[in-house]
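Chain residues, written in single-letter form:
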Amino acid sequence: MEFRRITNLPPYVFTIINNLKIQARHDGADVVDLGFGNPDIPSPSIAVDKLAEAAHNARNHRYSLSRGLPKLREAVADMYRRNWGVELDPETQVTNTIGSKEGFSHLMWVLLDRGDAAIVPSPSYPIHIFGPLFAGADVREVPMRSQQVIDDQQYADEFFANLTAAYKLGWPRPRVLVVSFPHNPTGATVDRAFMQRVVDFCREREMVVVHDFAYADVGFQGYTPPSILEADGAMECAVELYSMTKGFSMAGWRIAFLVGSAPVVQALVKLKSYLDYGTFQPIQIAATVAMNEAADYPREVCATYESRRDALVDGLARIGWQIPKARGSMFVWAPIPEAYREMDSVAFCSHLVRDCNVALSPGSGFGPGGEGFVRFALIENEQRIAQAVRNLRNGLTRLTA
Ligand SMILES: Cc1ncc(COP(=O)(O)O)c(C=O)c1O
């Protein structure tokens, strides 16, 4: 049998490392897993309590609204006003999605058709590349320099030069630009001026820009990640995905939102009205309560990731692996140490599982631009991170040689 949409998909490289980890654990090894970015911090207890209460009400067992309950959409608009000074009309400029991954994938179906083109940075979160491909479009990659702070003028200029080159590369002209800051996997962050340039670029070319704002709440050292909707003219061309997965640590609940340009939001509403009946209603109710009554919870979550980042980056520096500190995201993006550069990222990660009992994500899993790097996800506590650093010191003998 042939399944044309999936036959040409490359093997998911993360599976290779995951299988090695499962095997090692099966053999009795205590592997510290900093691979998959699956948050370990509990969801706010007020949301858990509300979920339990709402689940007991039979009225909430019926189909819900795909675009989200009105109070849920109002809570999102209030949060955007509070956090980013952005005004959203909950009726036309906000819709619920079943996590941002689902929202992003279906949005690509709405925005792109066979023969269209999209511009996507490389490396990227994999669905940013595969979403447009599933929709039948061509993907033009823009290199993301693997450097964390990209709000300096020189880097921004370099990014826009690459973006312009990707735009001009061929016919048809791309219709969609995908961006996401703080960036997974590199941890790159940007400022408002950068977002304004993105919006200006897309308005001039009548493109839609999709900003995946998964790490909206995860900025360190007093840095607040900007919303693309803060830029002048953004409502004409930009949409943003805000997810409760990271800031509110509600990964398994599958709740996120598409906000911004009303025609684009409403186009997704239309497609999804054919596809689903939305997130389980008790989850929508609990998410509303979380945004309204646990608005400071993301700050606590963020502080946890910041101290884990410090524990890891400082620990690695002590064993001779120097990595800059990112100002956002829940990842540490590390070049493979000089002494191990003959290995590609999958070989290096395989070595780390076998000889150090540490599981990481190989950079090549995020596209060709990720080769030569590995990604640590900050999803274990500081004791376990210290354990990972000790394991790496003992297993990476060439580091200290
Ligand atoms: C950039 C980015 N977008 C989206 C997601 C998935 O978010 P959600 O749980 O809302 O689907 C992740 C998760 O790691 C991510 O890193």
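Before reading on, note that the structure itself is shown above.
Note that this is a predicted model, so its numbers are computed, not measured. (Residues numbered from 1 in each chain as written. Predicted model: local features only at pLDDT ≥ 70, side-chain atom pairs only at ≥ 80, totals over all residues. Heavy atoms only, no water.)

Bringing unusual backbone geometry into the picture now. Cis geometry is adopted by the peptide bond preceding Pro172, which originates at Trp171 and carries an omega value of 0°. Along the chain, Pro172 turns up in the loop between helix H7 (153-168) and strand E5 (176-179). Residue Pro185 is reached from Asn184 by a cis peptide bond, and omega for that bond is 15°. On the secondary structure map, Pro185 appears in the loop between E5 and helix H8 (192-204). One non-glycine residue, Ser329, lies in positive phi territory at about 80°. Along the chain, Ser329 falls in the loop between helix H12 (297-318) and strand E9 (331-335). Phi is positive for Asn357, which is not a glycine, with a value near 55°. (Helix = DSSP H or I, 4+ residues; strand = E, 2+ residues; numbered from the N terminus.)

Right, let's talk about the sheet that holds E5 for a bit. Each strand in a sheet pairs with another by means of backbone hydrogen bonds, the pair being arranged parallel or else antiparallel. Across the sheet, seven strands lie side by side as E2-E8-E7-E6-E5-E3-E4; this open sheet has mixed pairing. Pairing within the sheet leaves two strands with one partner each, and these edge strands are strand E2 (94-97) and strand E4 (138-143). Recorded for the sheet is a direction-independent mean angle of 20° between the axes of neighbouring strands. Note: E5 against strand E6 (residues 208-212), four bridges, orientation parallel. By the bridge assignment, Val178 is partnered in E6 with Val210. Of the strands in this sheet, E2, E6, strand E7 (238-243) and strand E8 (256-260) touch helix H10 (residues 262-275), which is tilted by about 40° from E2. (Pairing = 2+ DSSP bridges. Axes fitted to C-alpha atoms, helices over the stretch in contact; angles between N-to-C directions. Contact = heavy atoms within 4.5 Å.)

A few words on the nonpolar core. Formed by 103 residues in total, the largest nonpolar core has its most connected members in Tyr80, Met244, Trp321, Phe376 and Leu392. Three or more residues apiece are contributed to this core by two domains, here domain 1 (4-42 + 298-400) and domain 2 (62-293). In this structure, Phe376 is in contact with Leu34, Leu312, Leu316, Trp321, Met330, Phe331, Val332, Ala334, Leu360 and Leu392, ignoring residues within four places of it in sequence. In this structure, Met108, Leu111, Leu241 and Leu258 belong to the second largest nonpolar core, which totals 22 residues. (Core = buried A, V, L, I, M, F, W, Y, C linked by side-chain atoms within 4.5 Å. Buried < 20%, exposed > 50% of the residue type's maximum accessible area, 1.4 Å probe, protein only. Domains from an automatic or database assignment.)

Quick look at the layout of surface pockets now. Approximately 740 Å³ is the volume found for the largest pocket. Lining of the largest pocket is provided by 34 residues; of these, Phe36, Gly37, Asn38, Lys101 and Tyr125 occupy positions nearest its centre. Going through the elements one at a time, helix H2 (13-26), helix H5 (100-111) and helix H6 (126-134) are the ones with two or more residues in the lining of the largest pocket. Counting residues per element, the lining of the largest pocket draws most heavily on H2, which supplies five residues. Along the lines of polarity and charge, the residues of the lining of the largest pocket split into 14 nonpolar, 13 polar and seven charged. When residues of the lining of the largest pocket are assigned to domains, at least three fall in each of domain 1 (4-42 + 298-400) and domain 2 (62-293). The space that makes up the second largest pocket amounts to roughly 460 Å³. Looking at the second largest pocket, it is lined by 23 residues, and the ones nearest its centre are Asn83, Asp217, Thr224, Pro298 and Arg299. Per-element accounting of the lining of the second largest pocket gives the leading share, five residues, to H12. Formed jointly, the lining of the second largest pocket draws a minimum of three residues from each of two domains, domain 1 (4-42 + 298-400) and domain 2 (62-293). (1 Å grid on protein atoms, 1.4 Å probe; cavity = no way out; pocket = protein on both sides within 12 Å on 5 of 7 lines; lining within 4 Å. Points joined across faces, edges and corners; volume = space filled by probe spheres on them. Nonpolar A, V, L, I, M, F, W, Y, C, P; charged D, E, K, R; others polar.)

Within the secondary structure layout, His211 lies in strand E6. The buried category is assigned to His211, whose relative accessible area is 0%. For His211, the side chain forms a polar contact with the main-chain nitrogen of Phe181, separated by 3.2 Å. For His211, the residues in contact, after removing those within four places along its chain, are Val179, Ser180, Phe181, Met195, Pro226, Ile228, Val239, Glu240 and Leu241. (Polar contact = N/O pair within 3.5 Å; in protein donor to acceptor, adjacent residues only side chain to side chain.)

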